[in-house]
Amino acid sequence: MKDKIVKLLSDKIEQLNEESISALLEQPPKKEMGDYAFPCFRLAKDLHKAPPLIAADIAESIEKPEYIDDIKVMGAYINFYVNKSDYAKTVIESSIDDSYGASKEGEGKTICIDYSSPNVAKNFHVGHLRTTVIGNSLYKIYSKLGYNVERINHLGDWGTQFGKLIVAYKNWGSEEAVKEKGIEELMRLYVLFHDEADKNPELQDEARAWFHKMETGDEEALQIWKWFFDISLEEFKRTYKLMGMEFDHYTGESFYRDKTDDVVKELTDKGLLKDSEGAKIVDLEEYDMAPCLILKNDGSSIYATRDIAAVEYRKKTYNFTKCLYVTGQEQKLHFAQVFKVMELLGNDWAKDSLVHIPYGLVSLAGEKLSTRGGNVIYAEDILKEAIGKIREIIDVKNPDLSDEEKENASRIVGVGAVIFNDLYNQRIKDVSFKWEHITSFEGETGPYVQYTYARCSSILRNIEGFEPSADIDYSVLSDEASADLLKEIDRFPAIVAEAAERYEPSVVARYAVDLAQAFNRFYTENRIAVDDEVVKKARCTITYIVRRMLKDSLDLLGIGVVERM
């Protein structure tokens with residue numbers, strides 16, 4: 001319907017193309033002001049008239065089509081009142097197809113997304129959830145738009161921290177303890193190292209020496225490192241499985257360690273590398289940035305070196321249109337430096353293709369989580385606690401479900417509750433876990449949206465012989481609650497596009513709540529299982545569409561659904 005109105009206006013406005021008109025067209029804040037409104041301020045300069053006069057002239061020139069009931073001028077706005085039956089027909093016919101909201105925008109294009117990326121030998125804590133769920137949702141959104149998406153888990157599996165762990169393991173650890181307790185023991189050793197290093201700073205030199213051994217291929221150092229790596233990856237994958245997530249590549253920092261020499265050579269050949277107190281840097285003062293450290297004074301590589309190598313490898317291997325980095329906002333400078341170095345190397349594509357997607361902090365009861373100090377909440381524990389809390393609610397709400405159904409529903413809804421709580425917030429904002437909100441089946445929560453989906457499923461299960469079809473009487477859907485619901489359905493393709501453009505899954509999460517709320521109002525005001533077959537078929541059809549769109553919206557967030565809860 002919006003496209004029809006845009007075309008109607010474009011025939012009368014020579015100064016603006018359809019894309020500009022579409023961007024200006026808006027929904028009025030009050031229902032009595034119509035369904036769509038076009039502001040004429042933008043035309044005042046070209047037409048040398050006051051916007052209200054322009055609005056009146058354009059409105060008078062439009063021959064009202066049958067899909068428009070009325071056109072009114074309100075100040076500088078042209079307000080359109082659409083024919084509700086025709087609007088319902090337009091929306092239902094386009095949305096009844098399973099591909100609704102998808103597009104071919106990304107056909108033949110690849111997007112790399114670097115996300116999750118926990119540090120090996122450290123537990124997957126609740127702070128890692130943000131990058132993981134944001135990145136996974138962006139993967140789903142871009143896939144919906146037709147892009148080929150490479151999901152890359154750039155594990156933190158290289159660096160001085162492993163020298164620290166080796167020192168701690170050799171001084172205070174044992175093979176038996178590591179085998180028995182896994183990451184928990186490695187974490188204990190990591191924390192212990194820092195406690196002891198505060199008393200004996202020479203331990204830091206030992207740690208650097210062990211990492212240098214790793215860099216130079218020392219067999220013992222690499223054997224211990226690989227053992228720690230394997231233990232960690234096994235635990236990470238268990239958490240990913242619980243969340244229903246997968247990755248295409250687990251290519252961490254260590255993958256690029258044999259590629260950093262090429263980076264150093266390239267920077268040297270281009271005259272970009274400079275000495276600085278024994279270290280090698282790229283001077284970025286001209287760009288109001290601190291220097292980008294490439295090699296430490298002992299010749300070891302650093303994060304930036306490996307990230308530059310990773311960019312070059314990904315561009316060569318996947319020929320990406322964009323490479324997205326979903327990391328905390330505290331890494332803003334780091335990625336700005338890496339991206340600038342890529343530009344200075346002569347890669348014109350780097351400016352538009354490399355994107356850092358920052359996000360805020362996560363806390364439990366308002367307390368920031370720290371790895372080094374030992375104040376850590378495991379992500380797996382958070383997820384399992386959510387599952388347990390949802391199980392208690394389901395036991396009360398629907399005791400007739402089988403144990404298997406309860407277990408399945410608790411897992412899907414519990415995990416979904418945690419993910420939704422994160423993604424409902426704008427990613428740049430900090431997130432706090434408050435159980436009474438996260439697990440609520442009312443309000444702006446994941447369980448509320450999932451419960452609405454289950455309600456739609458229940459309604460359709462109880463209607464015998466219903467087959468979805470656009471062949472319905474659209475006049476049945478002309479009441480206010482139906483019209484509001486149709487508007488929400490109509491928004492979906494634009495919502496998916498906006499979420500991709502802004503790298504913002506919260507756009508989809510908030511839409512899912514709006515759609516669920518609109519359906520529940522519709523359900524309250526319109527009985528569906530009525531004797532009138534014409535009415536029943538129309539209301540079942542819109543219920544069928546909402547059910548699928550709730551599922552699609554949740555899927556874009558990486559959240560599942562259940563038929564009964």
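Everything below is about the structure shown above.
Here the structure is a predicted model, which is why all the values come from computation and not from measurement.

Draft legend 1. Looking closely at the overall build of the protein. Across its full length, the protein holds 22 helices and 13 strands. Counting only C-alpha atoms and orienting by the principal axes, one finds that the protein spans roughly 80 × 70 × 40 Å. The buried share of the protein, taken over its 565 residues, is 55%. Counting contacts in the protein only where the partners sit at least 6 residues apart, residues at least 24 apart contribute 73% of the total. Of the roughly 25900 Å² that the protein leaves accessible, carbon and sulfur atoms contribute 45%. Of note, the protein has its 73 positive side-chain charges centred 1 Å away from the centre of its 99 negative side-chain charges.

Draft legend 2. Layout of the environment of Lys213. Mapped onto the fold, Lys213 is located in helix H10 (residues 202–215). A relative accessible area of 34% means that Lys213 is categorised as partly exposed. With 50 residues separating them in the primary sequence, Lys213 and Gly163 have C-alpha atoms 8.7 Å apart.

Draft legend 3. View of the packing of aromatic side chains. Applying the stated rule across the entire model yields 27 aromatic pairs. Taken together, a centroid distance of 6.1 Å and an interplanar angle of 35 degrees make the contact between Tyr100 and Phe492 tilted. Here Tyr100, found in the loop between helix H5 (84–95) and strand S4 (110–114), pairs with Phe492, found in helix H20 (residues 480–502); they are 392 residues apart in sequence, far enough to count as distant. Each member of the pair Tyr100 and Phe492 is classed as buried. With a centroid separation of 5.9 Å and an interplanar angle of 40 degrees, the aromatic rings of Phe519 and Phe522 are classed as tilted. Here Phe519 and its partner Phe522 are both found in helix H21 (residues 506–525), three residues apart, which amounts to about one turn of the helix.

Draft legend 4. Spatial organisation of the packing of H20 against H21. Two elements in contact, H20 and H21, have axes whose closest approach is 9 Å; the angle formed by their N-to-C orientations is 170 degrees. The orientation of H20 relative to H21 falls into the category roughly antiparallel. Each of Ala481, Ser482, Leu485, Glu488, Ile489, Arg491, Phe492, Ile495, Glu498, Ala499 and Arg502 in H20 lies in contact with H21, whose residues at this interface are Val507, Val508, Tyr511, Asp514, Leu515, Ala518, Phe519, Arg521, Phe522 and Glu525.

Draft legend 5. Just the nonpolar core, in detail. Residues Leu9, Phe38, Ile78, Phe80, Phe420 and Ile489 are the most contacted members of the largest nonpolar core, which totals 150 residues. Setting aside chain neighbours within four positions, we find Phe420 in contact with Glu444, Thr445, Gly446, Val449, Ala509, Ala512, Val513, Leu554, Leu557 and Ile559. Judged by nonpolar contacts, the second largest core, of 31 residues, contains Leu267, Val282, Ala310 and Met342.

Draft legend 6. Summary view of the layout of surface pockets. Its volume calculated, the second largest pocket comes out at about 780 Å³. Lining the second largest pocket are 21 residues; nearest its centre among them are Lys2, Tyr36, Asp490, Arg491 and Ala494. For the lining of the second largest pocket, the secondary-structure elements that each account for two or more residues are helix H1 (2–10), helix H2 (18–24), H5 and H20. No other element matches the seven residues that H20 contributes to the lining of the second largest pocket. The residue inventory of the lining of the second largest pocket, partitioned by class, reads 11 nonpolar, four polar and six charged.

Draft legend 7. Structural view of empty space enclosed by the protein. Enumeration according to the criterion identifies two cavities of 30 Å³ or more in this entry. Taken as a whole, the largest cavity holds about 70 Å³ of empty space. If you go around the largest cavity, the residues you meet are Asn123, Phe124, Ile183, Glu235, Phe236, Arg238, Thr239, Tyr378 and Glu380. With four residues, helix H11 (residues 219–243) is the single largest residue contributor to the lining of the largest cavity. Here the residues of the lining of the largest cavity are counted per class, giving four nonpolar, two polar and three charged. Counted as a void, the second largest cavity has a volume near 30 Å³. Contributions of two or more residues to the lining of the second largest cavity are made by helix H17 (403–424) and helix H18 (435–438). It is H17 that provides the largest number of residues to the lining of the second largest cavity, a total of three residues. Split into classes, the residues belonging to the lining of the second largest cavity amount to three nonpolar, four polar and one charged.

Draft legend 8. Unusual backbone geometry, seen in detail. The phi torsion at His48 lies on the positive side, around 55 degrees, for a residue other than glycine. In this fold, His48 is placed in the loop between helix H3 (44–47) and helix H4 (51–61). Accessibility expressed as a relative area gives 71% for His48, which makes it exposed. Although it is not a glycine, Glu277 adopts a positive phi angle of roughly 55 degrees. Residue placement: Glu277 occurs in the loop between strand S6 (273–276) and strand S7 (279–282).

Draft legend 9. Fine view of the sheet that holds strand S3 (residues 77–82). The three strands are arranged S1-S3-S2 in an open sheet whose pairing can be described as antiparallel. Taken across any chain shown, the strands that pair with only one partner, and hence form the sheet edges, are strand S1 (36–39) and strand S2 (68–74). Neighbour to neighbour, the strand axes of the sheet diverge by 20 degrees on average, direction disregarded. As defined by bridge partners, S1 adjoins S3 across four bridges and the pair is classed as antiparallel. Within the sheet, the bridge partner assigned to Phe38 lies in S3 and is Ile78. The strands that H1 touches are S1, S2 and S3; relative to S3, the one it contacts most, it runs at about 135 degrees.

Draft legend 10. Here's a closer look at the pattern of salt bridges. Under the definition given, this model contains 38 salt bridges. The salt bridge involving Asp484 is made with Lys31; its shortest N-O contact spans 2.7 Å. Within this pair, whereas Asp484 is found in helix H20, its partner Lys31 is found in the loop between H2 and S1, the two being separated by 453 residues in sequence. Assessed through its relative accessible area of 46%, Lys31 is described here as partly exposed. We note a salt bridge from Glu220 to Lys170, for which the minimum N-O separation is 2.7 Å. Within this pair, whereas Glu220 is found in helix H11, its partner Lys170 is found in helix H7 (residues 160–172), the two being separated by 50 residues in sequence. For Glu220, a relative accessible area of 37% corresponds to the partly exposed category. Judged by its relative accessible area of 42%, Lys170 falls in the partly exposed class.

So, how was this worked out
- Residues numbered from 1 in each chain as written.
- Predicted model: local features only at pLDDT ≥ 70, side-chain atom pairs only at ≥ 80, totals over all residues.
- Heavy atoms only, no water.
- Helix = DSSP H or I, 4+ residues; strand = E, 2+ residues; numbered from the N terminus.
- Buried < 20%, exposed > 50% of the residue type's maximum accessible area, 1.4 Å probe, protein only.
- Contact = heavy atoms within 4.5 Å.
- Areas by Shrake-Rupley, 256 points an atom, 1.4 Å probe, with all protein chains shown as cover.
- Lys, Arg positive; Asp, Glu negative; His and termini not counted.
- Charge placed at Lys NZ, Arg CZ, Asp CG, Glu CD.
- Phe/Tyr/Trp six-rings, centres within 6.5 Å; stacked < 30°, edge-to-face > 60°.
- Axes fitted to C-alpha atoms, helices over the stretch in contact; angles between N-to-C directions.
- Parallel < 35°, antiparallel > 145°, perpendicular 65-115°, else oblique.
- Core = buried A, V, L, I, M, F, W, Y, C linked by side-chain atoms within 4.5 Å.
- 1 Å grid on protein atoms, 1.4 Å probe; cavity = no way out; pocket = protein on both sides within 12 Å on 5 of 7 lines; lining within 4 Å.
- Points joined across faces, edges and corners; volume = space filled by probe spheres on them.
- Nonpolar A, V, L, I, M, F, W, Y, C, P; charged D, E, K, R; others polar.
- Pairing = 2+ DSSP bridges.
- Salt bridge = Lys/Arg side-chain N within 4 Å of Asp/Glu carboxyl O.

What is shown is where atoms sit, not what they do.
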